[in-house]
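# Structure at a glance
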Amino acid sequence: MNLTDGEFLLLASVMDIIVPPVDELPGAGEMGLAKEAEELAARIPAYGEALHRILEALSLEPSVRVEGGFPALDEEQRMSAIEFLEANMPKYFDKFVDLIYIVYYSDERVHERIGWRSGPLQPLGWELPAWDPAILDKVSKREPFWRKV
Amino acid sequence: MTITHPSTDILILGSGASGAAVAWRLSKSGFNVVCLEQGRWIKPEEFPNEHADWEIQARTNWAFDPNVRALDVDYPLNVDESPIDPLMFNAVGGSTIHWTAHTPRFHPSDFRVKTLDGVADDWPLSYDELEPYYDAYDALMGCSGINGDPANPRRKERPMPPIPIGQDGERMARAFDRLGWHWWPSDSYVNSVPYRGRQACNNCGNTGLGCSRGAKGQTDVAIWPEAIANGVELRTESRVFRVETDAEGKATGASYYDADGEENFQPANAVVLAMNGIGSPRIMLNSTSGAYPNGLCNSSGLLGKNLMFHPYAMVSGLFDDGLQTYKGPLANMILCQEFYETNPSKDFVRGYTYQLARSSGPISTACGYMFGRVPWGADHHAEFKRRFGDVTVLGVIGEDLPEEHNRIELDPKLTDSNGIPSPKVFYTLSDNSRRQLDDAVENAETALREAGAAHVLATRLLKAAGWHLMGTARMGDDPTTSVVDRWGQTHDADNIFVVDGSVFVTCAAVNPTPTIGALALRTADYIDRERADLKS
Ligand SMILES: Cc1cc2nc3c(=O)[nH]c(=O)nc-3n(C[C@H](O)[C@H](O)[C@H](O)COP(=O)(O)OP(=O)(O)OC[C@H]3O[C@@H](n4cnc5c(N)ncnc54)[C@H](O)[C@@H]3O)c2cc1C
Ligand code: SF4
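Residues numbered from 1 in each chain as written. Chains lettered and ligands numbered in written order. Predicted model: local features only at pLDDT ≥ 70, side-chain atom pairs only at ≥ 80, totals over all residues. Heavy atoms only, no water.

### A closer look at the overall build of chain A
Secondary structure assignment for chain A yields six helices and zero strands. Ordered by position in the sequence, the α and β elements of chain A form the string α-α-α-α-α-α. A compact globule built from 149 residues would reach a C-alpha radius of gyration of about 15 Å, whereas chain A, at 23 Å, exceeds it by more than 25%. For chain A, the C-alpha atoms occupy an extent of roughly 75 × 40 × 30 Å along the three principal directions. When burial is assessed residue by residue, chain A has 46% of its 149 residues classed as buried. Contacts in chain A between residues far apart in sequence, at least 24 positions, make up 63% of those at least 6 positions apart. Surface summary for chain A: the accessible area is close to 8000 Å², and the carbon and sulfur share equals 53%. Within chain A, the 27 negative side-chain charges are centred at a point lying 14 Å from the centre of the 15 positive side-chain charges. (Helix = DSSP H or I, 4+ residues; strand = E, 2+ residues; numbered from the N terminus. Rg over C-alpha atoms; globule rule 2.2 N^0.38 Å. Buried < 20%, exposed > 50% of the residue type's maximum accessible area, 1.4 Å probe, protein only. Contact = heavy atoms within 4.5 Å. Areas by Shrake-Rupley, 256 points an atom, 1.4 Å probe, with all protein chains shown as cover. Lys, Arg positive; Asp, Glu negative; His and termini not counted. Charge placed at Lys NZ, Arg CZ, Asp CG, Glu CD.)

Listed below in structure tokens is the structure:
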């Protein structure tokens, strides 16, 4: 899926609202993640369709048909345009939000902020405290109660 | 032109939990064995836990749901008439590649529900008869666990000690103790220590997507290497479309498509179906002939019927002590069987198990697999922080009772990439199951609050939860009310066997695979002992 420049800007601007700035990180759009969203949508048809439908609906929505389009609206107007889509196209909107969350939470800058170790789960795995049979003290004293046949 | 192969004694269809067990057992007894598997070998480096984008793969090409993965090797399923989506994996190892390897056994009472509770049917065999085969399958796949559970009969020591239950497991265990409810460390086919050449688990957490360390009991690593070394031929990328029969209805072999789409025929003295509770009846329904106008060995009319799933409710607790609940095998901590048996004061029969599960990585947290989706917008970051690594789940596995209208049929239009008809699933949740799940949700809330959960969220029926596929070629002594006999041999043909979850009479309230494996070993034992006539 190839977005036009206009669609790309629109996507970035919506992404900033879906995942807004926090601490030292800007919003998901300003972080430059629209490119990743476009790429993932091109690879996975379900996300591609959702992205296409949402961007199309957003550019046709009467409230955003102003000069400068969606990015030129004030925050309240942008929120209500998105809420309109959420209420009226829930299936596509949910997938669209998933798409944004996926690219956002794949980013190493985000991992660093939330304290998540980037990269594959293996070979490091995680440490857990060793098994300690003392935890069974109470339950193991209970009489067998399985039903006899 | 059809390619015809030299004949074999035993032809197994499917290489998952059951097919591998039969292959292994018969490989040591002088039978020639060939196994046809539609999937391919997956190399350790291909598993998602070796890749940084593992969470994306979990939602796309490695999704649990074959309709989401939609790979050529998968067959699509029509689920328009089912509130539960069947899940499975198609590769060497079958769904054991994907499974979380939580491995409780049936209780003795599960084999006698008609006698005890007046519902469904008794099995034609008992817990005691199956016990040695449970032990053998535990040893083969590698079971970690500990004796002394008051909710289950004492049994042979597990081959490995329990895997650690983690601080999150301990928190719930203490809550169950305070409530006076049962709990016990889960039996798991996950290595707590190195076992039979496979490494110990290092708690990476991604148990449901294949283990690149070989620490999980997947048949591709736990069984197949030995079976192949013993002489079994495992032929991959071989998609069976028909079991062929002669005029008397005896199997002569199976027809399949190879990787190039060419038609092949593998002759055999006997055929063993092990393509799971949906895959086997699908191919049997597709194997019509003069002898079997309604599907292979379907004189009872029950083939494809009595589908059971274990309808699954998920009750998630949100804690606030930062235990990082994504650390550790996904669903192998502890279980609670306080409500396992019929309680006459309740408005339902039979009962349920709680299987505890952990949370997962940041994408699953945000998209809401374990605790609903994190809201977008201004509250997003605060809500994400509250949930990430702070969720523990009580999964409810309720006993689904067999009902004929819950079934699979062949879809008139939908096919796989070879043009073989796909299954259509018809399933409605029974009133008994609904009441059972409601009760379980209420009790789970009590337990999670006792453990200190600040918020509890219940998904009363999880759609993407058809991981247990059972009942569609049920076992019994009476050929008019069952498809296979007590040995898994079809009533209609003495050289056709079914060994997967299809043969379940009832499904108990536990994950089914140790029982599937034990039954498969028992059938193989029977073939070895009683059916020398099947040797060339
Ligand atoms: C996500 C997930 C989690 C699970 N967790 C657990 C758990 O914790 N505990 C538990 O007990 N169970 C669990 N299960 C269920 C468990 O995986 C199954 O019960 C078990 O694998 C069934 O074994 P089987 O041999 O019947 O079928 P499978 O293991 O599904 O194997 C069937 C094989 O047949 C092949 N096949 C199908 N059709 C054809 C054809 N036409 N031609 C050739 N080959 C074919 C398939 O490719 C597959 O390899 C889980 C399942 C899933 C999907
Ligand atoms: S948690 Fe353990 S068994 Fe599961 S994938 Fe990781 S290492 Fe393997």
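Here the narrative resumes, following the displayed structure.
### A look at the sheet that holds strand 12 (residues 352-357) of chain B
By way of backbone hydrogen bonds, the strands of a sheet pair with one another, either parallel or antiparallel. Residue and element names in this part refer to chain B. Read from one edge to the other, the open sheet built from six strands follows the order 5-11-12-13-10-16, with strand pairing classed as antiparallel. Each of the sheet's edge strands pairs with one partner strand only, and the pair in question is strand 5 (184-185) and strand 16 (455-459). One ladder, built from five bridges, connects strand 10 (residues 312-318) with strand 16; its direction is antiparallel. Of the residues in strand 16, the one forming a bridge with Val315 is Ala458. (Pairing = 2+ DSSP bridges.)

### Quick word on the site of ligand 1
Residue and element names in this part refer to chain B. The full set close to ligand 1 counts 37 residues, and Ser18, Glu37, Ser95, Thr100 and Thr513 are the nearest of them. Separating an oxygen atom of ligand 1 from a backbone N or O atom of Ala101 is a distance of 3.2 Å. In this structure, an oxygen atom belonging to ligand 1 sits 3.5 Å away from a main-chain N or O atom of Pro512. Here ligand 1 loses 98% of its free accessible area of 1000 Å² to cover by the protein chains. Elements with a minimum of two residues in the shell around ligand 1: helix 1 (17-26), strand 7 (239-245), helix 9 (276-286) and helix 13 (513-530). With three residues, the top contributor of residues to the shell around ligand 1 is helix 13. (Near = heavy atom within 4 Å. Polar contact = N/O pair within 3.5 Å; in protein donor to acceptor, adjacent residues only side chain to side chain.)

### Points about the site of ligand 2
Taken together, 14 residues lie near ligand 2, and B:Cys201, B:Cys204, B:Gly205, B:Thr207 and B:Cys211 sit nearest. The residues that come close to ligand 2 belong to more than one chain, namely chains A and B. Of the residues in the shell around ligand 2, the class split is five nonpolar, seven polar and two charged. (Nonpolar A, V, L, I, M, F, W, Y, C, P; charged D, E, K, R; others polar.)

### Concerning the packing of aromatic side chains
Summed over all chains, the structure comprises 31 aromatic pairs over all chains. Ring plane angle 25° and centroid distance 5.2 Å describe the contact between B:Tyr326 and B:Phe388, whose orientation is recorded as stacked. One end of the pair, B:Tyr326, is in the loop between strand 10 and strand 11 (334-336); the other, B:Phe388, is in the loop between helix 11 (380-387) and strand 13 (391-398), with 62 residues separating them in the sequence. The buried category is assigned to B:Phe388, whose relative accessible area is 11%. Taken together through their ring pairs, the aromatic side chains of A:Tyr101, A:Tyr104, A:Tyr105, A:Trp116, A:Trp126, B:Trp54, B:Tyr326, B:Phe384 and B:Phe388 make up a single cluster. (Phe/Tyr/Trp six-rings, centres within 6.5 Å; stacked < 30°, edge-to-face > 60°.)

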